[in-house]
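# Structural overview for review
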Amino acid sequence: MTECEICGAEIRGRAQYISIGASKLKVCSACARHGTVVVEEKKMKMGRSEGAKKTKLYERMDHEIEEGLELEEDYGRKVRDARERAGLKQTELAKRINEKQSLLRKIENEEITPSNDVMRKIERVLKSFI
Ligand SMILES: [Zn+2]
């Protein structure tokens, strides 16, 4: 048997929980108006909003990968072909672009990725042969 902690009467049906100051009381529905009704905690932690955020991260990663150098795959072969069409030796072209022959050789072998600056100089010299 459940009794109201205020009036001592038997509680019929559901008991009400109220707080008066610091104390929490189990009371009958008639006495519930004496304090603040305490809402049961179960009902408060419902409605999760996780999960919707996860897809956004992947979209952003795809975007970042697309950025970067736009060098053609066979830049080395193109430089060599153009140089040969121009009738220049590696040393001659190197001298014209003010770079070492060894650098040019590495570019043509695609051992290194030329900087935009070097590529521009090569294109300027060989532009009618590329
Ligand atoms: Zn009561």
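Criteria and cut-off values
Residues numbered from 1 in each chain as written. Predicted model: local features only at pLDDT ≥ 70, side-chain atom pairs only at ≥ 80, totals over all residues. Helix = DSSP H or I, 4+ residues; strand = E, 2+ residues; numbered from the N terminus. Buried ≥ 20, exposed ≤ 12 C-beta atoms within 10 Å, placed from the backbone. Pairing = 2+ DSSP bridges. pLDDT = per-residue confidence, 0-100. Contact = placed C-beta atoms within 7 Å. Arc of directions from axis to C-beta. Core = buried A, V, L, I, M, F, W, Y, C linked by C-beta atoms within 7 Å.

So, on to the overall build of the chain. Helix and strand counts for the chain stand at 5 helices and 3 strands. When each of the 130 residues of the chain is scored for burial, the buried share is 10%.

What links the strands of a sheet is backbone hydrogen bonding, and the strands pair in either a parallel or an antiparallel sense. As summarised here, the arrangement of the 3 strands in space is S2-S1-S3, forming an open sheet in which the pairing is antiparallel. Single-partner strands in this sheet number two, and they are strand S2 (23-27) and strand S3 (36-37).

Let us now look at the confidence of the model for the chain. In this model, the chain carries an average pLDDT of 81, and 75% of its residues clear a pLDDT of 70 or more. Averaged pLDDT values for the elements of the chain fall to 49 in helix H1 (residues 54-66) and rise to 97 in helix H3 (residues 90-96). pLDDT under 50 marks residues 43-52. Its contacts with residues more than four places away, or in other chains, come to 1 contact. Segment residues 63-69 is flagged for pLDDT under 50; beyond a separation of four residues in sequence, or across chains, it makes 0 contacts in the model.

The subject of this paragraph is the pairing of strand S1 (residues 16-20). Examined bridge by bridge, S1 and S2 share 5 bridges and lie antiparallel to one another. When the bridges of S2 are listed, Gln 16 appears paired with Val 27. In this antiparallel pair of consecutive strands, S1 and S2, the connection spans 2 residues, and Gly 21 shows a positive phi of 65°.

Further remarks concern unusual backbone geometry. One non-glycine residue, Asn 98, adopts positive backbone phi at about 65°. The topology assignment puts Asn 98 in the loop between H3 and helix H4 (101-108). Exposure remark for Asn 98: the 8 C-beta atoms within 10 Å place this residue in the exposed category. Although it is not a glycine, Glu 110 sits at a positive phi angle of roughly 55°. Within the secondary structure, Glu 110 is located in the loop between H4 and helix H5 (116-126). Glu 110 sits in the partly exposed class, given 15 other C-beta atoms within 10 Å.

Turning our attention to helix H2 (residues 75-85). For an α-helix the count is 3.6 residues per turn, leaving residues at separations of three or four pointing the same way. What H2 keeps buried is the set Gly 76, Val 79 and Arg 83. Mapping the buried residues of H2 onto a view down its axis gives an arc of 65°, with all of them on the same face. Against H3, H4 and H5 lie the buried residues of H2. Looking one or two residues beyond H2, the residue adopting positive phi is Gly 87, at roughly 70°.

A separate point is the nonpolar core. Among the nonpolar cores identified, the biggest contains 7 residues, and these are Val 79, Leu 93, Ala 94, Leu 104, Ile 107, Ile 122 and Leu 126. Where this core is concerned, the elements lending two or more residues are H3, H4 and H5. Ile 107 has contacts with Gly 76, Val 79, Ile 112 and Pro 114, leaving out every residue within four places of it along the chain.

Along the polypeptide, Ile 11 turns up in the segment before S1. Overall, Ile 11 belongs to the partly exposed group, with 19 C-beta atoms counted inside 10 Å. With 17 residues separating them in the primary sequence, Ile 11 and Cys 28 have C-alpha atoms 5.2 Å apart. When sequence neighbours within four positions are dropped, the list of residues in contact with Ile 11 reads Thr 2, Glu 3, Cys 4 and Cys 28.

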